[in-house]
Structures are given as structure tokens and as C-alpha cells.
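# Close look at the chain arrangement
Residues per chain are reported as follows:
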Amino acid sequence: MVAQWLTWIPHLWVQLVCSDTLHKEGFIGLLPDEIIIDILSRLPTDSVLECRRVCKKWLALTSIPYFASKRGAKQDDICVFYHPLAMESRVLHVLQKANCFQYNILTIGKNKLWRRLDSFSYRPKCFETPTIVKRDLYWMVKHTYENEYNIPPCNNSIMRFNMGTEQFCSMPHPGKECHSRPMHEKMRLLKMGVKLCFGYLDARLIDIWQLEDVKNWLWVKTYKVNLDWDVNCYPFVFSVIDPYYFNFEVKLLKIQNRELLMDWYSRGLFAYHLDLGTIRKIDKARMKRPGWLQCN
Amino acid sequence: MSSSLEKNMLILRSSDGEEFIVPEVVAVMSKAIKNMVEDECASNTIPVPNVDANILAMVIEFCKKHDESEAEAASDLKTFDSEFVNRGQEALYDLITAANFRDVKELLDALCQNVAEMIKGKSVHHIRIQFLGYQLFEILTSNFIWNIWCDRDFD
């Protein structure tokens, strides 16, 4: 009698597990990535936010710069972040005024509301992908150059937005003042654990700085990565090795498990262990690189 | 058969062997076919692999309409487009793949816009079930994992 009552359990199990393998993957999941990006780029902002939560792949596809450029006029004027205390996502929006930038914030939740923030004299580079450490969003500042030889101000090269106070402020980058445009192009903000890091690529050396004291803006140079690797072990795929071009083709991506992930365009994707100094080539990445991944 | 053809007609052969006689102006709306015609590497019959007769007929219908109605009002064309792409998911998938592979820009645009309209305003769970073939139990677990993942980034 009891056994008969329990027959629904395997039945339910079959329904839940086996139907999954039989079930055809939904049709959007089967489409090529370019098409998915095309579809998602046609959505209004709040639908895009909803779609970012659908799966990791969609989150990744809507995070790349190509997606922002596909959205055309809306290009990198919004940045989405998750507010841990309010337990909701928020959107930051930037608009250029005469000689400053007007920022607005949208709370998404039960009641959608646009709020005006104070205007600020700088705007970030790569606005849609901030480096988030604790409750601060960090970006490198995007300098507008009216003339080619304008000197970028080193004193205001990093900007920060605090989620709590909703205030912007700008700080100098670590190291010496350089006042040089190409040097600013080679700087990247990264995140290691709960600390903000700063990567700077100079000739064949990468300097990694760590922000030890947020209040006093105290940076410590913690790592030096030498890029003079064995050419036999890690050959260049393309033979053009132009010393000037060299710096521009290495891109620092992120620090993960104390490994610095870098994209070296003509050699492949590498993970450099910061403590051990070992290099690991990530093989899968070199096989095929779709065209849209190459735009920066 | 090909001898009786007018000069500006092309024959498209679908993957299952059916043949369609199409004016060249209509066929070259596909960039892929246009390239073949321009390079003169196409004989009268152009094979269209990966696209079956059913889907190929739909694509030709779309291209014909767009070719004819160039002079017509744009709003008419828009209503035709929105009716044309209003199909089941399987047909949509086949059409998108065909349009992408054969490079028919107008059709791909209309299709992507349609799918975007379908997604617009839907909730995460709805999208997962309807478009990504998720099952209920997956949604329960993935939601759980997502919440943990979000919290991890802070503190």
C-alpha cells in the first residue's frame, strides 16, 4: 500500500531530469552570438537589464564594448551596477553639458525613478565597465582633447563614485606625473580581492600598484611583471614586431586567483601568476576569435 | 529547362532539391548570392545548402515583396514585415539562420526586431522558459546561484 503511494516519486524525477535532456534548447540559445547581440541591442534599457540576469552568456554579451556600439547613439552613456544595501540594480547615466557632465541615476525596483546628481567636470573612459571595489565604482577619466598636444591632467586621472553618498571625486594616478597621452592610454584599473589595483604597461614591464589606504589615497607598488618571455615557448603568431606597437597590443584584462590575465594580440591569452611568476597560456582562446571581439 | 529561361532569371536549389525560378534582382538581395553572381562563379542554378524548400520559399516571398514595393509606402512594407515574421519559434530560428547565412540584411533586421519585441517587457523567468528552454527546477537552482554570486562581489 505504502509502496503504491510512493510511485509518483520516480515519475516526478523522470519528469524533472529526463525531460531536460529531451527538451530542445530554446531557439535563441542556438543562435550565433552576433545575432543574439543584435537582438538584445534593440531592447530598451530596462529590458536589457532584465536580460542581463537571464544567463551568464547574456550578461557577458551585453557587457562587451561591441554591444554598446551596436546600441548606437546610446553608446556607453549608461553604467549598471548592483547596490548591495538596497538589493537592486541601478543605472547611472551621463549627459554632456557645456563644460561639465550631468549625471543621473535610475533606481530599478518597485518604483522606477530618475534622480539628478551633481554635475562633475569629468567623464569616465569605458563608462559601462567600472571597476567595483566595496561600494565604490572606479574609472579612468576620459580626457577630451581639443588639440592633439593637450596635456592630460595627471591629478584627475582616476574618478570614483560612491554608491552610498552618490558623490563623484577624482584622484591622481599612482606613480610619477607623466602628462603624456599615450601613457594614460596604457593604464588600467583592476581588482584583486577587495583591493583596487592599477596596472601600467611600460616598454616590456608591467607595474602593478595596490591601493592600501583609500582615505589617504596611498598606493604601493606590489608587483613587476617582465614581459620578456621566451620566443620559442610562446611564439608570435604574426611576425610583425614593431617596438612602438608592442605596448598597444598587450591588454590587461583582470586579476583572478592571483593570476593576471592578459590578452597579447599576436601571441594569445596568458595568465601570469603574480606570486610565483609563472606563465600559463590559455590555449582555447587562440583557436578562434570572432571579429566582434577585436574591437576595443 | 534553363534554355527557356530569360536572361535575368536564376534558379535557386534548396537543400532538399527543390528548384525555384527567381528574377535576378530578387535573388541578389542576398549578399552571398550577389557575390556569386558578380564573380560569375554561378551557373544558372545556384545551390542554397542548409536551407530547405519551405524556408527558401518564405525568404523568396519576403525578397519579392521588398523588391516590388520599393515605390510603395514604407508603412505598408512595415506591416507586411511584422506579419511576415510573426511565426513560430522553429520557423523563426530557421529563417534567422538562413538570413544570416545568405546575408539578407532586410530580413535579418525584421526578424531580429521581431524577436526583440517578443523579449521586451518579459521577466527573467519568462525569457528563460520561453526562449532558452529552461525547466522549472533549473530556474529555481539558477536563481539561487545568482543571488549568491551577486552578494559575493561585495564585502
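Thresholds applied
Residues numbered from 1 in each chain as written. Chains lettered and ligands numbered in written order. Predicted model: local features only at pLDDT ≥ 70, side-chain atom pairs only at ≥ 80, totals over all residues. Heavy atoms only, no water. Helix = DSSP H or I, 4+ residues; strand = E, 2+ residues; numbered from the N terminus. Buried < 20%, exposed > 50% of the residue type's maximum accessible area, 1.4 Å probe, protein only. Polar contact = N/O pair within 3.5 Å; in protein donor to acceptor, adjacent residues only side chain to side chain. Contact = heavy atoms within 4.5 Å. Pairing = 2+ DSSP bridges. Axes fitted to C-alpha atoms, helices over the stretch in contact; angles between N-to-C directions. Core = buried A, V, L, I, M, F, W, Y, C linked by side-chain atoms within 4.5 Å. Domains from an automatic or database assignment. pLDDT = per-residue confidence, 0-100. Parallel < 35°, antiparallel > 145°, perpendicular 65-115°, else oblique. Left-handed = near helix turned anticlockwise from the far one by under 90°. Nonpolar A, V, L, I, M, F, W, Y, C, P; charged D, E, K, R; others polar.

Turning our attention to the side chain of His83 of chain A. All names here are of chain A. By the element assignment, His83 lies in strand E1 (residues 78-83). With relative accessibility at 8%, the residue His83 sits in the buried group. Within the local environment of His83, its side chain forms a polar contact with the backbone nitrogen of Leu85, the two atoms lying 3.3 Å apart. When near neighbours in sequence (up to four residues on either side) are disregarded, His83 contacts Glu88, Arg90 and Met163.

Take the sheet that holds strand E10 (residues 187-192) of chain A next. Pairing between the strands of a sheet comes from backbone hydrogen bonds, and it takes one of two forms, parallel or antiparallel. Residues and elements named next belong to chain A. Read from one edge to the other, the open sheet built from 4 strands follows the order E10-E11-E12-E13, with strand pairing classed as antiparallel. Two strands close off the open sheet at either side, each with one partner strand: E10 and strand E13 (218-226). Between one strand axis and the next, the sheet turns by 30° as a mean value, whatever way the strands run. Across 8 bridges, the pairing between strand E12 (residues 205-213) and E13 is antiparallel. Bridge pairing in E13 links Trp209 to Lys221.

On to the nonpolar core, then. For soluble globular proteins, the rule of thumb is that nonpolar side chains tend to be buried together. One finds Ile28 and Trp58 of chain A together with Ile119 of chain B to be the most contacted residues of the largest nonpolar core, which totals 59 residues. When residues in this core are grouped by element, the largest group, 9 residues, is from helix H6 (residues 105-119) of chain B. When residues of this core are sorted by domain, at least three fall in each of domain 1 (7-120) and domain 2 (123-155) of chain B. Excluding residues that lie within four positions of it along the chain, Ile28 of chain A makes contacts with Ile36 and Trp58 of chain A together with Val115, Ile119, Phe131 and Leu132 of chain B. In terms of nonpolar packing, the next biggest core, distinct from the first, is built from 20 residues, Cys197, Met262, Phe270 and Leu274 of chain A among them.

In low-pLDDT regions, the fine details of the predicted coordinates are not to be read closely. All names here are of chain A. For chain A, the mean per-residue pLDDT works out to 76, and 74% of the residues sit at or above 70. Between the elements of chain A, mean pLDDT differs from a low of 50, seen in helix H9 (residues 284-287), to a high of 90, seen in strand E8 (residues 158-162). Counted against residues more than four places away or in other chains, residues 285-296, with its pLDDT under 50, gives 15 contacts.

Residue and element names in this part refer to chain B. Between helix H3 (residues 53-68) and helix H5 (residues 89-102), the least distance of the axes is 10 Å, while the angle of their chain directions is 70°. Comparing the axis directions of H3 and H5 gives the class roughly perpendicular. When you trace H3 past H5, the crossing you get is right-handed. In this structure, H3 contributes Ile55, Met58 and Val59 to the contact, and H5 contributes Ala91, Asp94, Leu95 and Ala98. Classifying every residue of the contact of H3 with H5 by side-chain character gives 6 nonpolar, no polar and 1 charged.

Turning next to the sheet that holds E1 of chain A. All names here are of chain A. The strand order E1-E2-E3-E4 describes an open sheet built from 4 strands, whose pairing is antiparallel. Both outer strands of the open sheet, E1 and strand E4 (113-116), are each paired with one neighbouring strand and no more. Put simply, the sheet's adjacent strands are angled 25° from each other on average, direction ignored. The sheet contact formed by strand E3 (residues 101-107) and E4 spans 4 bridges and is antiparallel. Bridged to Asn104 within E4 is Arg116.

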